[in-house]
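Per-entry structural report
If you want the building blocks of each chain, they are given just below.
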Amino acid sequence: MAKKPGKSTGKSAGKKAGERAGKGGAKKSVDKGADKGGAGRAAEKSAKKSAPPREPGDLWETPVEESLRWVRGTDLSALDQAATPGWAGSRADGEQLMATRGEELADLQERLFAHGRTGGDRSVLLVLQGIDTSGKGGIVRHVVGMVDPQGVMHRGFGVPTEEERQHDYLWRIRNALPRPGYLGVFDRSHHEQVLVVRVDRLEPVRVWRKHFAELNAFETEVAASGTAIVKVTLVVSPDEQKKRLAKRLDRPDKHWKYNPSDIDVRLKLPQYLAAYQEMLDRTSTKDAPWYVVPADRKWYARLAVTELLTDALRSLDLGWPPADFDVAAEKARLAET
């Protein structure tokens, strides 16, 4: 037991306590004061044990939209690509939440599909941008793969075909937009017109700079038609990209994913960083904001996109379409068969 600060102070405290509760009470009072920190820690530990476990969905310290929505003027080069913005849980927690969200996501997407089949006009478009190895394909497999494929319209945009070159750059984009009731997925998109076109100098500066306003006007039009747009930029660090490219070269089952041009793109990372910075600043709008997702941790990127997509489908607030026939009469007919 502590007798500090000084002998006289200890006697005084004991005397006063004894007057109130006797000698034993004084001893208990001194002990309590000396061991306050230990008792507090024990009480805190006990409270934690008795508290109910947190649900995985509660581990978002801030809503995912708030954590990842691009704020104009943010320095993209300062982003920590291995961070997990807004998430307070572990990888295991994230994977558990993914499984739970998968069931909800599938239900919401089925409602959307049913809505479209019965005359509805709503749809959702998920736009995935990112340099090679950023994880766009993994998002398609692990996130979009959780829903019914019959309600998905997936399109990857590479070098324009001869037919596509005969039209303006938005022609092929318009042709790939999701029909009512569908979840559309763009692997790369119309924003390549201010990314690769800029970096590879495929158009004069005065030409590609006009595309920013065109892209914004196009997306405003698409949103007004009933399509909820979820735009995601996946950002991977140079070191992580190098590891992923090396893995593709080391494994024969990954060779099909490798292209020698991947190295050429890697050599232009500073130019791409500048292009992405301006694209984010100038095309993140109220109708179609950008969400920037650190992608060094694949599990986090997939979890974040799952949350964004689930929230977009929830926002449509779609119920099941009512029957356009007499349910009771059909039950009676069925019973007679």
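Scroll up a little and you will see the structure.
A brief look at the structure comes next. The model shown is predicted, which means the values in this text are computed figures rather than measured ones.

Details of the overall build of the chain
- When helices and strands are tallied, the chain shows 15 helices and five strands.
- Sequence separation of 24 or more characterises 80% of the internal contacts of the chain that already satisfy a separation of 6 or more.
- Total accessible area computed for the chain in this model is approximately 19300 Å², and 53% of it derives from carbon and sulfur atoms.

Points about the packing of aromatic side chains
- Evaluated as defined, the whole model comprises six aromatic pairs.
- Their ring planes at 85° and their centres at 5.0 Å tell us that F157 and F186 sit as a pair that is edge-to-face. Placement of F157 in the loop between strand 2 (152-156) and helix 6 (162-165) and of F186 in strand 3 (residues 183-187) is noted, with a sequence separation of 29 residues between them. Here F157 and F186 have matching classes, each one buried.
- Look at W208 and F212: their rings are 6.3 Å apart centre to centre, the planes differ by 75°, and that puts the pair in the edge-to-face class. The pair W208 / F212 is uniform in exposure class, with both members buried.

Re helix 13 (residues 269-283)
- In this model helix 13 runs 20 Å from its N-terminal to its C-terminal C-alpha over 15 residues, within 8% of the 21 Å that 1.5 Å per residue would give.
- Listing the buried residues of helix 13 in full gives L269, Y272, A275, Y276, Q277, E278, M279, L280, D281 and T283.

Regarding the pairing of strand 3
- Most of strand 3 sits out of view: five of its five residues are buried.
- Every second residue of strand 3 is oriented toward a common face, with L183, V185 and D187 on one face and G184 and F186 on the other, all of them buried.

Comments concerning the sheet that holds strand 4 (residues 227-235)
- If you trace the five strands from one edge of the open sheet to the other, you get 2-3-1-4-5, paired in parallel fashion. Of all the strands in the sheet, just strand 2 and strand 5 (290-294) have a single pairing partner and so form its edges. Across the sheet, the mean angle from the axis of one strand to that of its neighbour is 20°, orientation sign disregarded.
- Of the strand pairs in this sheet, strand 4 and strand 5 are connected by five bridges, and their pairing is parallel. Bridge assignment links K231 to a residue of strand 5, and that residue is W290.

Quick word on the side chain of T233
- Secondary-structure assignment places T233 in strand 4.
- Classification of T233 by relative accessible area gives buried; the value is 1%.
- Apart from the residues lying within four places of it in its own chain, the contact partners of T233 are Q129, Y276, M279, L280, W290, Y291, V292 and V293.

With respect to helix 4 (residues 91-117)
- For helix 4, which comprises 27 residues, the first-to-last C-alpha distance of 38 Å matches the rise-based estimate of 39 Å (1.5 Å per residue) to within 8%.
- Within helix 4, burial applies to G94, L97, M98, R101, G102, L105, L108, Q109, L112, F113, A114 and H115.
- Lining the buried residues of helix 4 we find strand 1 (123-129), helix 5 (136-142), strand 2, strand 3 and helix 14 (298-315).
- The N-capping residue of helix 4, defined by a side-chain oxygen 3.4 Å from the backbone nitrogen of A92, is S90.
- Downstream of helix 4 by a residue or two, G119 has a phi angle that is positive, lying close to 95°.

So, the pairing of strand 5
- Within strand 5, five of the five residues are buried, leaving the element largely enclosed by the surrounding structure.
- A two-sided burial pattern is seen for strand 5, the buried positions comprising W290, V292 and P294 on one face and Y291 and V293 on the other.

Regarding the packing of helix 4 against helix 14
- For the pair helix 4 and helix 14, the least separation of the axes is 9 Å and the interaxial angle reads 30°. Relative to helix 14, helix 4 is oriented roughly parallel. Crossing angle aside, the handedness with which helix 4 passes helix 14 is left-handed. Counting all contacts with helix 4, which are made through R91, G94, L97, M98, R101, E104, L105, L108, Q109 and L112, the residues of helix 14 involved are W299, R302, L303, T306, E307, L309, T310, L313 and R314.

Looking at the environment of T74
- If you trace the backbone, T74 turns up in the loop between helix 3 (64-68) and helix 4.
- Separated by 206 residues in sequence, T74 and L280 have C-alpha atoms that sit 9.4 Å apart.
- In this structure the side chain of T74 is engaged in a polar contact, spanning 2.6 Å, whose partner is the backbone oxygen of V71.

Procedures and definitions
- Residues numbered from 1 in each chain as written.
- Predicted model: local features only at pLDDT ≥ 70, side-chain atom pairs only at ≥ 80, totals over all residues.
- Heavy atoms only, no water.
- Helix = DSSP H or I, 4+ residues; strand = E, 2+ residues; numbered from the N terminus.
- Contact = heavy atoms within 4.5 Å.
- Areas by Shrake-Rupley, 256 points an atom, 1.4 Å probe, with all protein chains shown as cover.
- Phe/Tyr/Trp six-rings, centres within 6.5 Å; stacked < 30°, edge-to-face > 60°.
- Buried < 20%, exposed > 50% of the residue type's maximum accessible area, 1.4 Å probe, protein only.
- Expected span 1.5 Å × (residues − 1).
- Pairing = 2+ DSSP bridges.
- Axes fitted to C-alpha atoms, helices over the stretch in contact; angles between N-to-C directions.
- Polar contact = N/O pair within 3.5 Å; in protein donor to acceptor, adjacent residues only side chain to side chain.
- Parallel < 35°, antiparallel > 145°, perpendicular 65-115°, else oblique.
- Left-handed = near helix turned anticlockwise from the far one by under 90°.

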